[in-house]
Amino acid sequence: MKLFDVYPINDINITHAKGSKVWDENQNEYLDMYGGHAVISIGHTHPHWVHNIESQLKKIAFYSNSIKIPIQEELAHKLGAVTGKKNYQLFLCNSGAEANENALKLASFHTGRKKIIAFSKAFHGRTSLAVAATDNPSIIAPVNQTDNIVFLPFNDADALELYFKNHGNEIAAVIVEGIQGVGGINVAENSFLLTIRKNCDQYGAVYVADSVQCGYGRSGKFFSHDFAGVEADIYSMAKGMGNGFPIGGIIISPKLKAKHGMLGTTFGGNHLACAAALAVLEVIEKEHLMHNATKVGEFLAASLKSIEAISAVRGRGLMIGFDVPEKLKNLKKDLLFKYKIFTGEAKPNVMRLLPSLAITMEEAALFIQQLKHAIEHYQD
Ligand SMILES: Cc1ncc(COP(=O)(O)O)c(C=O)c1O
């Protein structure tokens, strides 16, 4: 049997990893400025994470949600403490798309309404509602097409106000990334998020903060929406939550009430995933990784701004993007194959940096040095 060929693959086989370094089968060392697509939060194979998973595995890996699973409660307690949202409620699932799917479904149950506002360049995942709310027609199958999603321009508070004025009573939810990831690292303005909050309150809609990529401390605060001082009704999370162990979830404001059977999943919240997620939160706290994200992120952003050949350096913490001109269009590939550095991209010309929150200043400095070398190669 062959693999279903949906991914453009780099011809590299990574066989082991530690912190922000990964090695291929020929023992070549790479610097990981991509974090496996923003997933590696506390660093590859962190010893505390490995230990927690290993010891849980020896006890029990999985049982269904038909029994008490105290480690879910432990995780909810810890998340409440780290986010400061102690009165929110946790629902666990397995991925970012699923988290958004459940968030939107819950908003619709809660309001009894069908319409959802999403924004230009948004990416929310590939399940049916999540992909319908994603601004990329090429990944929306005919069966996913629906009139229930309305796209408005990102960061345009006036357009949002106007839409609510005319259709406010039909809106179940507004879903927004605090920093758009796949869309090219576009930071939501504080005033825009405040306008979303105000209109959701006024018209009884649910504010869903998609924090799958920009959450979990990556921005330097636990949720990037925290910069605006707004509280969302639902935060969706995945990626950094398990440091590579598949887990997703939503945290839900107390004003949304649970009913037996309204949401559900077989694998979500299994013992092993919770053990991984607990280890992640413990390490984020113990090693002050949000502070590190701010510190190293500021260094990276300032260093990038001093490089003339690139432009529009943007982002927060360790979620950074910049534009590269046409003549540097092979930069990402060169960094990978010549300089052994993984980075991310957003089409057509954005480079994305999404390293582990535990990346050191030395590693960040090495990246900047190598990036400058790579760019010099293109100078006339
Ligand atoms: C903002 C955002 N939401 C949702 C998703 C979907 O997450 P997953 O791939 O885990 O389903 C992604 C993935 O890149 C994302 O960046």
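In this report, we go over the structure that sits alongside the text.

## Describing the site of the ligand
Around the ligand sit 14 residues, and of these Gly 96, Ala 97, Gly 125, Val 212 and Gln 213 come closest. Of the residues forming the shell around the ligand, the biggest block, 3 residues, is contributed by helix α4 (residues 96–111). Residue classes in the shell around the ligand are distributed as 5 nonpolar, 7 polar and 2 charged.

## What to know about the sheet that holds strand β16 (residues 344–346)
The 4 strands lie next to each other as β13-β14-β17-β16, forming an open sheet whose pairing is antiparallel. Looking at the sheet topology across the chains shown, the edges are occupied by β13 (311–316) and β16. The average undirected angle you get between the axes of adjacent strands in this sheet is 25 degrees. The sheet contact formed by β16 and strand β17 (residues 350–353) spans 3 bridges and is antiparallel. Note on β17: the bridge partner recorded for Gly 344 is Arg 352.

## A short note on the environment of Phe 119
Looking at where Phe 119 falls in the secondary structure, it is placed in strand β5 (residues 115–119). Accessibility expressed as a C-beta count within 10 Å gives 26 for Phe 119, which makes it buried. The sequence separation of Phe 119 and Asp 156 amounts to 37 residues, and the corresponding C-alpha distance is 9.4 Å. Leave out the neighbours within four places in its chain, and Phe 119 touches Phe 151, Leu 152, Pro 153, Phe 154 and Val 176.

## Notes on the environment of Lys 115
Checked against the element boundaries, Lys 115 lands in strand β5. Residues Lys 115 and Gln 369 lie 254 residues apart in sequence; the distance between their C-alpha atoms is 48 Å. Ignoring sequence-local partners within four residues, the contact set of Lys 115 consists of Asn 148, Val 150, His 167, Glu 170, Ile 171 and Ala 172.

## Section: unusual backbone geometry
At the junction of Lys 347 and Pro 348, the peptide bond is cis and its omega measures out at 0 degrees in the coordinates. Among the secondary structure elements, Pro 348 is positioned in the loop between β16 and β17. Phi is positive for Gln 27, close to 70 degrees, though the residue is something other than glycine. Assignment of secondary structure puts Gln 27 in the loop between β2 (21–24) and β3 (29–32). At Ile 185, a position not held by glycine, the phi torsion is positive, near 60 degrees. Here Ile 185 shows up in the loop between β8 (179–180) and β9 (186–187).

Thresholds applied
Residues numbered from 1 in each chain as written. Predicted model: local features only at pLDDT ≥ 70, side-chain atom pairs only at ≥ 80, totals over all residues. Near = placed C-beta within 6 Å. Helix = DSSP H or I, 4+ residues; strand = E, 2+ residues; numbered from the N terminus. Nonpolar A, V, L, I, M, F, W, Y, C, P; charged D, E, K, R; others polar. Pairing = 2+ DSSP bridges. Axes fitted to C-alpha atoms, helices over the stretch in contact; angles between N-to-C directions. Buried ≥ 20, exposed ≤ 12 C-beta atoms within 10 Å, placed from the backbone. Contact = placed C-beta atoms within 7 Å.

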